[in-house]
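Residue-level listing of the chains:
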Amino acid sequence: MGSVIEIEGLRKTYRTLLHGPRQALDGFDMVVEPGQVHGFLGPNGSGKTTTLRTLLGLVRPGGGRMRVLGQPVPHALAAVTPRIGAVVESPQFFGNFSGRRTLRLLATTGGIPHRRVEEVLDIVGLHGRANDRVKAYSLGMRQRLAVASALLKSPELLILDEPANGLDPAGIREMRDLMRDVVAAGATVLLSSHILGEVQQICDSVTIIAHGRRVTAGPVADVLASQDKGEFRVKVDDPARAAAVLAEAGAVVRPAEDHLVVTGVTDPAWVTRTLAGQDLWVAELTPITPDLESVFLQLTDEPAVSA
Amino acid sequence: MKLIRAELVRLFARRFTRIALVGVLLLLAGIATVIWITNHKPTPADRLSAHIAAEQALTERNAAYQQCVDAQSRTPSPGATDSGAKQFPPGFDCHQITDYPSTDADFLPASFRLAAAGPDLFRALGALLALFGFAVGASFIGAEWSSGGILTLLLWRPNRTPVWLGKLGSLLLGVLGVGVVYSVLWYATLWVLADNRGSSALTAGALRSLALVDVRAITLTLVAATVGYAVSALGRNTATALGAAVAWVVIFEVGTRIILGLMNAARPERWLLSSYVQAWLTNGARFFDESKCHNGPDPCVGVWWRISAQQSALVGVTLLVVVTAVSLYSFRRRDVT
Ligand SMILES: Nc1ncnc2c1ncn2[C@@H]1O[C@H](COP(=O)(O)OP(=O)(O)OP(=O)(O)O)[C@@H](O)[C@H]1O
Ligand SMILES: [Mg+2]
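Residues numbered from 1 in each chain as written. Chains lettered and ligands numbered in written order. Predicted model: local features only at pLDDT ≥ 70, side-chain atom pairs only at ≥ 80, totals over all residues. Heavy atoms only, no water.

Asker: Honestly, the coordination of the magnesium ion (ligand 2) in this entry has me stumped. Any pointers?
Answerer: Note on metal sites: the ideal angle is 109.5 degrees for four tetrahedral donors, and 90 or 180 degrees for six octahedral donors. Residue and element names in this part refer to chain A. Only Thr49 (OG1) and Glu89 (OE) from the protein coordinate the magnesium ion (ligand 2), and they sit 1.9 to 2.1 Å from it. A residue pair is termed long-range when its members are at least 10 positions apart, and Thr49 in helix H1 (residues 48–55) and Glu89 in the loop between strand S6 (84–87) and helix H3 (99–110) qualify at 40 residues. Exposure remark for Thr49: the relative accessible area of 13% places this residue in the buried category. Given a relative accessible area of 31%, Glu89 falls into the partly exposed group. (Donors = N, O, S within 2.8 Å, 3.2 Å for Na, K, Ca; no water. Helix = DSSP H or I, 4+ residues; strand = E, 2+ residues; numbered from the N terminus. Buried < 20%, exposed > 50% of the residue type's maximum accessible area, 1.4 Å probe, protein only.)

Rendered as structure tokens:
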């Protein structure tokens, strides 16, 4: 089975009458493999929502090629949309209808039995409020309704643009479980989010975008490893002497508040051995592995919102 | 088909539609109430007193006629005070007095005759339904745009032309249904009114022409709904269509009328959409052109001219084609953000 999403050289320039053109995507590439939760990260205004909208046929691309579920889009969109569930940024619904009615109308449009409406209401935990008007929903409840509408089709590909927006901690955890369930059922999830801890926990792979271009992509572990500079945190009784010893032995040492940061070492045992040879006893030695947040900030270093 | 079914449900589930339906109903009820109050079926006593009054009027008129003839035949003598000569100046055509003899009917209390009043009342229904169609059509897609409903719908139905047409189709089906139901209700109401407050007698021909008026009224309603829908879709909110309607009234009906009046333009009505609406509802309308009146020393030589129903249809179809084409094109092309 091929990739679920393949994007090559996607371009998009928004043209507005008043403010002139604004380039949102500048040759963006992305590949999402099946059966994964794929994280889609990038600073504000980097083009995530634009990418997702283009993929879904809401926005007309300015160039590039896209394939979703093996079909070229937007050409074959009609064939693939029944298999894609999507929540686009800050979803909204007609305020005077109840959540249940909103979903039922969609189900009728899509030829889905109304039984499924009750199922998805259960999944997102909206059953108790299903007959309330959407206008009276909280932000998080609207978000849940949006997810419910995306799940209605029992999609093979679930696209979620900031689904955690407005969700409470329990909601975020439910969302995580939900994504796991979806993937366990054989589907693929593309998740755009700013909650990097969440992404790191749940995602198998990520794509990071900045200024409309891909800056890195791959399995989360690989992305993290790519930024691993082999740093260790070393705590000793006499940091000054230890620093001198290690530096003499060929390591790069940077003193920090109450410890030393040692770089350019492949084997941590070497540090222990070297220091022990000089009667310096290591109290603590931990590798500094980058987390997604630091990688993200490193890769998207420039100011997020630039002119 | 599934789309049309869902959209029909949506149309009638909307509060705006329901309020508008009730609003039209209340206005119709108001008209019916006024008819009920102001009309009466003549009683035998009414008929008798009307007959007496008519007889009396006839006698008075004959007397006046005689006076007139006398006054005309006499040559006016200077100094003579002759009341007849004052009342009827020389050269007065005495037959004018007897030209329109009054009948008993002139002295009866107002009564509601379906055959006579029906067409106008069905035109009133048409005007109300057209307003209803326009507003409901505009809000049907306008509110969906501004609430994000269209975006969600496009995630289910990415082909935009069928979405636009399907939604319009459901709207027109719904409005047609309302038009038919309200026409039947209106006919029943008018019949009951006429039966109690006048005469409900209707010849087959009169009934047929009433039905034709109704067909025209419903056609107008469908056109209004389509235009409201298309303009609202173009602007992506309801306010655009309502704004366009207000702008049309202010600029094209009132403003243009004033300017054309100042310019003393010939046949100003031909530039006003309302004339075509009127001509459509009345199966052709006559207008008096008095622009020539002010031009020379000669007395006014105004002319009557007509807008035919066919011309109205042509104007309507043109408007419809242009508005829907632009709206659909924009719906297909523009980004949904
Ligand atoms: N409708 C629009 N008209 C003009 N420019 C737009 C429009 N939508 C987005 N943009 C611009 O395109 C760029 C990318 O926006 P996009 O919404 O894709 O960013 P994003 O990655 O989703 O950001 P965020 O994390 O804030 O959601 C931004 O510079 C934005 O200003
Ligand atoms: Mg976004």
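Asker: Explanation requested: the pattern of salt bridges in the structure shown.
Answerer: Pairs may arise between side chains of opposite charge once their charged atoms sit close together. All names here are of chain A. Under the defined criterion, the tally for this structure stands at 22 salt bridges over all chains. A salt bridge links Glu118 to Arg104, with the nearest nitrogen and oxygen atoms 3.6 Å apart. Here the residue Glu118 occupies a position in helix H4 (residues 115–123), and Arg104 occupies one in helix H3, the gap between them amounting to 14 residues. Of the residues examined, Arg104 reaches a relative accessible area of 35% and is grouped as partly exposed. The residue Glu231 makes a salt bridge to Arg254 at a minimum N-O spacing of 3.3 Å. Of this pair, Glu231 sits in strand S11 (residues 231–236) while Arg254 is found in strand S12 (residues 252–255), placing the two residues 23 residues apart along the sequence. (Salt bridge = Lys/Arg side-chain N within 4 Å of Asp/Glu carboxyl O.)

Asker: Could you clarify how one ought to interpret the site of ligand 1 in this entry?
Answerer: Looking at ligand 1, there are 16 residues lining it, with Gly45, Lys48, Thr49, Thr50 and Glu89 of chain A nearest. Contact between ligand 1 and Asn44 of chain A: an oxygen atom at 2.9 Å from a side-chain N or O atom of the residue. Between Thr337 of chain B and ligand 1, the recorded distance is 3.1 Å, taken from a side-chain N or O atom to a nitrogen atom. Take the shell around ligand 1: its biggest share by element is three residues, from H1 of chain A. Considering only residue class, the shell around ligand 1 consists of three nonpolar, nine polar and four charged. (Near = heavy atom within 4 Å. Polar contact = N/O pair within 3.5 Å; in protein donor to acceptor, adjacent residues only side chain to side chain. Nonpolar A, V, L, I, M, F, W, Y, C, P; charged D, E, K, R; others polar.)

Asker: When you look at the sheet that holds strand S3 (residues 37–41) of chain A in this model, what are you seeing that I'm missing?
Answerer: Two modes of strand pairing occur in sheets, parallel and antiparallel, and in both the strands are linked by backbone hydrogen bonds. Residues and elements named next belong to chain A. Taken together, the six strands give an open sheet; going across it, the order is S6-S7-S8-S3-S9-S10, and neighbouring strands pair in mixed fashion. With partners counted over all chains shown, the strands left at the sheet margins are S6 and strand S10 (213–219), one partner each. Geometrically, the sheet is characterised by an average inter-axis angle of 15° between neighbouring strands, direction not taken into account. Of the pairings in the sheet, the one linking S6 to strand S7 (residues 157–161) comprises four bridges and is parallel in character. Counterpart to Ala86 in the pairing with S7 is Ile159. (Pairing = 2+ DSSP bridges. Axes fitted to C-alpha atoms, helices over the stretch in contact; angles between N-to-C directions.)

Asker: What should I look at first to understand the interface of chain A and chain B in this one?
Answerer: Interfaces are often sized by the accessible area lost when the parts come together. Taken together, the contact between chain A and chain B spans 31 residues of the former and 30 residues of the latter. For the pair chain A and chain B, the summed buried area comes to about 2,600 Å², and 60% of that belongs to carbon and sulfur atoms. Area buried by chain A at its contact with chain B is led by Leu58, Phe94 and Thr109 of chain A, which between them contribute 25% of it. Applying the counting criterion to the chain A and chain B interface returns one salt bridge. We note a salt bridge from Lys12 of chain A to Asp335 of chain B, for which the minimum N-O separation is 2.7 Å. There are 11 residue pairs in polar contact (both at pLDDT 80 or more) connecting chain A and chain B. Looking at the side of chain A that touches chain B, the elements that each hand over two or more residues are strand S1 (5–16), helix H2 (77–80) and H3 of chain A. For the side of chain A that touches chain B, the element with the most residues is H3 of chain A, which contributes six residues. The class makeup of the residues in the side of chain A that touches chain B is 15 nonpolar, nine polar and seven charged. (Contact = heavy atoms within 4.5 Å. Buried area = accessible area lost by both parts, 1.4 Å probe.)

Asker: Quick question: what am I supposed to make of H1 of chain A here?
Answerer: The α-helix advances 3.6 residues per turn, and as a result positions three or four apart in sequence lie on the same side. Residues and elements named next belong to chain A. For H1, the tally of buried residues reaches eight of eight residues, placing the bulk of the element in the interior. Of all the residues in H1, the buried ones are Lys48, Thr49, Thr50, Thr51, Leu52, Arg53, Thr54 and Leu55. Residue Gly57 follows H1 closely and has a positive phi angle near 80°.

Asker: Looking at this structure, how should I read the side chain of Glu144 of chain B?
Answerer: Position of Glu144 of chain B among the secondary structure elements: in helix H6 (residues 114–147). Ignoring any residue separated from it by four or fewer positions in sequence, one finds Glu144 of chain B in contact with Phe94 of chain A together with Arg10, Ser139, Gly149, Ile150 and Lys167 of chain B.

Asker: Would you explain the environment of Val182 of chain A in this entry?
Answerer: All names here are of chain A. With respect to the helices and strands, Val182 occurs in helix H6 (residues 169–184). Val182 gets classed as buried once you look at its relative accessible area, which sits at 12%. Among all residues touching Val182, those that are not within four sequence positions of it are Leu151, Leu158, Ala187 and Val189.

Asker: Please explain helix H7 (residues 149–156) of chain B as it appears in this structure.
Answerer: Buried residues dominate H7 of chain B, accounting for eight of its eight residues. Three or more residues of H7 of chain B are buried, namely Gly149, Ile150, Leu151, Thr152, Leu153, Leu154, Leu155 and Trp156 of chain B.

Asker: Can you help me understand the sheet that holds strand S13 (residues 260–263) of chain A in this one?
Answerer: Residue and element names in this part refer to chain A. The strand order across the open sheet formed by four strands is S12-S13-S11-S14, and the pairing between neighbours is antiparallel. Edge positions in the sheet fall to S12 and strand S14 (282–288), since each has one partner strand and no second. Taking the axes of each pair of neighbouring strands and ignoring which way they run, one obtains an average angle of 25° across the sheet. As paired elements, S11 and S13 share three bridges and run antiparallel to each other. Across the sheet, Phe232 pairs through a bridge with Val262, a residue of S13.

Asker: Is there a simple way to think about the pairing of strand S2 (residues 20–32) of chain A in this case?
Answerer: The two faces of a sheet get side chains in turn, since along a regular strand they alternate between them. Residue and element names in this part refer to chain A. Pairing analysis gives 10 bridges linking S1 to S2, with the strands arranged antiparallel. Its bridge partner being in S2, Ile7 is matched across the sheet by Met30. The antiparallel pairing of S1 with S2 creates a hairpin that spans three residues between the two strands.

Asker: Before we go on, may I ask you to explain the side chain of His38 of chain A in this structure?
Answerer: Along the chain, His38 of chain A turns up in strand S3. Residues in contact with His38 of chain A, not counting those within four places in the same chain, are Met30, Val31, Val32, Val189, Leu190, Leu191, Cys203, Ser205, Val206 and Thr207 of chain A.

Asker: I tried to follow the packing of H3 of chain A against helix H1 (residues 2–13) of chain B on my own but got confused; where do I start?
Answerer: To characterise two packed helices, one gives the angle between the axes of the helices and the distance between these axes. The contact between H3 of chain A and H1 of chain B brings their axes to 7 Å, and the two run at 155°. By the angle between their directions, the pair H3 of chain A and H1 of chain B is classed as roughly antiparallel. Contacts between H3 of chain A and H1 of chain B pair Arg101, Leu105, Thr108, Thr109 and Gly110 of chain A from the former with Lys2, Leu3, Arg5, Ala6, Val9, Arg10 and Ala13 of chain B from the latter. (Parallel < 35°, antiparallel > 145°, perpendicular 65-115°, else oblique.)

Asker: Which parts of the structure should I look at to understand the nonpolar core?
Answerer: Nonpolar side chains in soluble globular proteins generally cluster together in the buried interior. Judged by nonpolar contacts, the single largest core of 132 residues is most densely connected at Ile159, Val189 and Leu190 of chain A together with Leu171 and Leu190 of chain B. Sort the elements by how many residues they give to this core and H6 of chain B lands first, with 14 residues. Discounting chain neighbours no more than four positions away, the residues touching Leu190 of chain B are Ile35, Phe112, Leu114, Leu121 and Phe122 of chain B. Core analysis: the second largest hydrophobic core is formed by 14 residues, Val234, Ala243, Val245 and Leu246 of chain A among them. (Core = buried A, V, L, I, M, F, W, Y, C linked by side-chain atoms within 4.5 Å.)

Asker: Looking at this structure, I do not really get unusual backbone geometry. What am I missing?
Answerer: Negative phi characterises most residues that are not glycine, and trans characterises most peptide bonds. The step from Val73 of chain A to Pro74 of chain A runs through a cis peptide bond, and the omega angle for that step is 5°. Along the polypeptide, Pro74 of chain A turns up in the loop between strand S5 (71–73) and H2. Here the phi dihedral of Arg236 of chain B falls at roughly 65°; this positive angle occurs in a residue that is not glycine. Locating Arg236 of chain B in the fold gives a position in the loop between helix H9 (204–235) and helix H10 (238–263). Even without glycine at this site, Arg267 of chain B takes up a positive phi of about 45°. Following the sequence through the fold, Arg267 of chain B ends up in the loop between H10 and helix H11 (273–281). Judged by relative accessible area, Arg267 of chain B falls into the partly exposed class, the value being 33%.

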